[in-house]
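Each chain, letter by letter, is given below.
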Amino acid sequence: VQLQASGGGLVQAGGSLRLSCAASERVGVMAWFRQAPGKERESVAAITWSGATTYYRDSVKGRFTISRDNAKNTVYLQMNSLKPEDTAIYYCAEDINRRFSATMISDDYEYWGQGTLVTVSS
């Protein structure tokens, strides 16, 4: 499985960005993680194989929306009301062992995209 993330960039606080992650095939649960400079990687959102169930870390609830277009094998992360603390490299990941429920644990995800940088200026 190959994952290609895109859509990062520089945006002012309060702005929006949409990240995309194109997968070579549709296999399992997908998620977004992020890593800010000097910090550990953290989960952001996850979505089940069908797209019926989504998960979010508390700090992005109400601002970010994860979705997937299975016809295109693509997962999206719509990010609204961005804050400077959202600045990080965002990675998409796939857990090929799960379909109907997701975890927010990075070790559960076997395949990772290359990352896309999101910078939010104050």
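Here, every reference points to the structure presented above.
Bear in mind that the values here come from a model prediction, so they are computed numbers and not experimental data.

Another point: the packing of aromatic side chains. Counting across every chain of the model gives three aromatic pairs. When the centroid spacing of 5.3 Å and the interplanar angle of 75° are considered together, the rings of Phe33 and Tyr109 count as edge-to-face. Remark: Tyr109 occurs in the loop between β9 (88-95) and β10 (111-112) and Phe33 occurs in strand β4 (residues 29-35); sequence separation between them is 76 residues. Taken individually, Phe33 and Tyr109 each receive the classification buried, so the pair is uniform in this respect. Between the aromatic rings of Phe33 and Trp112, the centroid separation amounts to 5.0 Å while the plane-to-plane angle is 50°, which identifies the pairing as tilted. Of this pair, Phe33 sits in strand β4 while Trp112 is found in strand β10, placing the two residues 79 residues apart along the sequence. You can call Phe33 buried: its relative accessible area is 2%. The lysine or arginine in question, Arg41, covers the ring of Trp112, its NZ or CZ lying 4.1 Å from the ring centre. The aromatic ring of Trp49 is capped on one face by Arg99, whose charged end is 4.3 Å from the ring centroid.

This part takes up the pattern of salt bridges. Taken as a whole and assessed by the stated rule, the structure comprises seven salt bridges. Notably, a salt bridge pairs Lys61 with Asp58, separated by 3.1 Å at the nearest N-O pair. Ionic pairing is found between Asp108 and Arg98, a salt bridge with its closest N-O pair at 3.8 Å. Highlighted residues: Asp108 in the loop between β9 and β10 and Arg98 in the loop between β9 and β10, separated in sequence by ten residues.

Turning next to empty space enclosed by the protein. For the coordinates displayed, the defined rule picks out one cavity of 30 Å³ or more. By volume, the largest cavity amounts to about 30 Å³. In terms of lining, the largest cavity is formed by Ala23, Glu25, Arg26, Met30, Arg68, Asn70, Asn73, Thr74 and Val75.

This paragraph deals with the sheet that holds strand β1 (residues 3-6). Ordered by their spatial adjacency, four strands build an open sheet running β1-β3-β8-β7, and the pairing between neighbours is antiparallel. Each edge of the sheet is formed by a strand with only one pairing partner; in this case those strands are β1 and β7 (64-69). Between one strand axis and the next, the sheet turns by 15° as a mean value, whatever way the strands run. Strand direction decides the pairing type here: β1 and strand β3 (residues 17-23), joined by four bridges, are antiparallel. Bridging across to β3, Ala5 finds its partner in Cys21.

Conventions and cut-offs
- Residues numbered from 1 in each chain as written.
- Predicted model: local features only at pLDDT ≥ 70, side-chain atom pairs only at ≥ 80, totals over all residues.
- Heavy atoms only, no water.
- Phe/Tyr/Trp six-rings, centres within 6.5 Å; stacked < 30°, edge-to-face > 60°.
- Helix = DSSP H or I, 4+ residues; strand = E, 2+ residues; numbered from the N terminus.
- Buried < 20%, exposed > 50% of the residue type's maximum accessible area, 1.4 Å probe, protein only.
- Lys NZ or Arg CZ within 6 Å of the ring centre and 35° of its normal.
- Salt bridge = Lys/Arg side-chain N within 4 Å of Asp/Glu carboxyl O.
- 1 Å grid on protein atoms, 1.4 Å probe; cavity = no way out; pocket = protein on both sides within 12 Å on 5 of 7 lines; lining within 4 Å.
- Points joined across faces, edges and corners; volume = space filled by probe spheres on them.
- Pairing = 2+ DSSP bridges.
- Axes fitted to C-alpha atoms, helices over the stretch in contact; angles between N-to-C directions.

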